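Tertiary structure, described
For reference, the chains in residue letters:
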Amino acid sequence: MPKIIAARLIVTSPGRNFVTLKIECDDGTTGLGDATLNGRELAVASYLQDHVIPCLIGRDAHRIEDIWQYLYKGAYWRRGPVTMTAIAAVDMALWDIKGKVAGLPIYQLLGGAAREGCLVYCHANGTIIEDTIETAIRHRDEGYRAIRLQCGVPGLASTYGVAKAGQRYEPADADLPSESVWSTEKYLRVVPELFAAAREALGWDVHLLHDVHHRLTPIEAARLGKDLEPYRPFWIEDATPAENQDSFRLIRQHSTTPIAVGEVFNSIWDAKHLIENQLIDYIRATVVHAGGLTHLRRIAALADLYQVRTGCHGATDLSPVTMAAALHFGLSVPNFGIQEHMPHTEETDAVFPHHYRFEDGMMHPGDAPGLGVSIDEERAAAHPYKRAYLPVNRLEDGTLWSW
Ligand SMILES: O=C(O)C(=O)C[C@H](O)[C@H](O)CO
Ligand SMILES: [Mg+2]
């Protein structure tokens, strides 16, 4: 049995911040786990360093379920993004170790491939509709079968999901939170126009998605769902904040547009009511923020009973370690729906060499034992941590709103 003899954190910023846990065993096997919580990175690093790592030393790395329960129940304090991200990092690293010891990729340990690859969606964004469409056409020609569309809102200086001219989109862009201004009325005018133009230009053979990013009230979300119905979106995401889960009933009552939610969820308890009442179609919870593969499998098993499918979060603030874990999960889980794919920068990929690959609109985790991701610690050390926050959002009258 591989015994855990050391665990340490690698904090690096190859273009953006990542926190990685590396667990080492007495047989020389090592495992990696992503512990990145965008804008709150050092809180997770401290939780791991000060409170989790001391409890790991000497444990049998194969006892993944027992260690998960120990860290979850043993803390007494339950759930929360910092705790669940820390537990996820340990969980991923232990699955990585188990795979390496077995000589198998993790998807084989999870039951084997249930499909040939994971359908992924990429992002197309632009400050005006025409730019978004142009990017979407380019992505379709690259082989993507599903594309998320975001565009600037006329009359607003900036909005979620849209890059500044000539730059890659990276929301955590400032040493202290930047502020943007929001108008629901202006936004609700432009999105149906964007989808109409996209169907006109791209036809019907590509899936189109959209992220509302928690900015609408339930009745406004219902209106958007209804307005987009003629363009058959694959989903609208985070149409309204999900703390009051029953509010999704209102959207359902008015629209058949599929609903995705949950990238900010960290446990099965955040999703239980939504799933059991069939108020959503896709659950966005992902490996790094929802307690690792061990817990995400549990969420997916519950969702499967209600024909809710997975649609894991996969923005660039989730490191290649999470991307690999999400692909092993997606390849093997029965109710897989889609996986978000926002390619990392070359700098990031150089720090985290990996075996997953994109081909013909789908991704595959590869067949290397474990996760199939390593970390180049020398390169990582050349990119020191740089504080960066997500923006905050205000209505035009100054009221603080969801970003
Ligand atoms: O990728 C998405 O769907 C997002 O909403 C990205 C989030 O804004 C980002 O991960 C926040 O850290
Ligand atoms: Mg989102």
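In what follows, the accompanying structure is described. (Residues numbered from 1 in each chain as written. Chains lettered and ligands numbered in written order. Predicted model: local features only at pLDDT ≥ 70, side-chain atom pairs only at ≥ 80, totals over all residues. Heavy atoms only, no water.)

**Regarding helix α6 (residues 184-202)**
Each α-helix winds once per 3.6 residues, and so residues spaced three or four apart point in a common direction. For α6, which comprises 19 residues, the first-to-last C-alpha distance of 27 Å matches the rise-based estimate of 27 Å (1.5 Å per residue) to within 8%. Regarding α6, the residues found buried are T184, Y187, L188, V190, V191, P192, L194, F195, A198, R199 and L202. On its buried face, α6 is in contact with α5 (129-142), β5 (146-151), β6 (179-182), β7 (207-211) and α7 (218-228). Of the residues flanking the end of α6, it is G203, one or two places downstream, whose phi is positive at about 75°. (Helix = DSSP H or I, 4+ residues; strand = E, 2+ residues; numbered from the N terminus. Expected span 1.5 Å × (residues − 1). Buried < 20%, exposed > 50% of the residue type's maximum accessible area, 1.4 Å probe, protein only. Contact = heavy atoms within 4.5 Å.)

**As for the site of ligand 1**
Every one of the 14 residues lining ligand 1 counts as a neighbour, but N38, H213, E263, D317 and E340 are closest to it. Between ligand 1 and H213 there is a distance of 2.8 Å, counted from an oxygen atom to a side-chain nitrogen or oxygen. The separation between an oxygen atom of ligand 1 and a polar side-chain atom of H313 is 2.9 Å. Starting from 330 Å² of accessible surface for ligand 1 in isolation, the protein chains cover 94%. One can see that ligand 1 is located within the largest pocket. Considering only residue class, the shell around ligand 1 consists of 4 nonpolar, 3 polar and 7 charged. (Near = heavy atom within 4 Å. Polar contact = N/O pair within 3.5 Å; in protein donor to acceptor, adjacent residues only side chain to side chain. Areas by Shrake-Rupley, 256 points an atom, 1.4 Å probe, with all protein chains shown as cover. 1 Å grid on protein atoms, 1.4 Å probe; cavity = no way out; pocket = protein on both sides within 12 Å on 5 of 7 lines; lining within 4 Å. Sits in = over half its atoms within 2 Å of the grid points. Nonpolar A, V, L, I, M, F, W, Y, C, P; charged D, E, K, R; others polar.)

**Examining the packing of helix α9 (residues 268-276) against helix α10 (residues 292-305)**
Closest axis-to-axis distance for the α9/α10 pair is 10 Å, and the angle between their directions is 10°. Taken together, the axis directions place α9 and α10 in an arrangement best described as roughly parallel. Along the contact surface, α9 presents I268, K272, I275 and E276, while α10 presents H295, R298, I299, L302 and A303. When grouped by side-chain class, the residues that make up the contact of α9 with α10 number 5 nonpolar, 1 polar and 3 charged. (Axes fitted to C-alpha atoms, helices over the stretch in contact; angles between N-to-C directions. Parallel < 35°, antiparallel > 145°, perpendicular 65-115°, else oblique.)

**A look at the coordination of the magnesium ion (ligand 2)**
At the metal site, the magnesium ion (ligand 2) is ligated by D211 (OD), E237 (OE) and E263 (OE), and these contacts range over 1.9 to 2.2 Å. On the primary sequence, the residues serving as donors to the magnesium ion (ligand 2) are separated as D-x25-E-x25-E. Here E237, found in strand β8 (residues 235-237), pairs with E263, found in the loop between β9 (259-261) and α9; they are 26 residues apart in sequence, far enough to count as distant. Here E237 and E263 have matching classes, each one buried. (Donors = N, O, S within 2.8 Å, 3.2 Å for Na, K, Ca; no water.)

**Details of the sheet that holds strand β16 (residues 400-401)**
Two orientations exist for strands paired in a sheet by backbone hydrogen bonds: parallel and antiparallel. Reading across the sheet, the 3 strands line up as β6-β15-β16 and stay open at both edges, with mixed pairing between neighbours. Lying at the two open borders of the sheet, with one neighbouring strand each, are β6 and β16. Here 4 bridges tie β6 to strand β15 (residues 392-395), and the two strands are oriented parallel to one another. When the bridges of β15 are listed, W182 appears paired with L395. (Pairing = 2+ DSSP bridges.)

**What about the packing of helix α1 (residues 41-56) against helix α3 (residues 81-102)?**
At a closest axis distance of 9 Å, the pairing of α1 and α3 adopts a crossing angle of 55°. Here α1 is positioned oblique relative to α3, judged by the angle of their axes. Considering the relative orientation of α1 and α3, their crossing is right-handed. Within the contact between the two elements, α1 uses A43, V44, Y47, L48, V52 and L56 and α3 uses V82, T83, T85, A86, A89 and V90. A breakdown of the residues in the contact of α1 with α3 according to their chemical character gives 10 nonpolar, 2 polar and no charged. (Left-handed = near helix turned anticlockwise from the far one by under 90°.)

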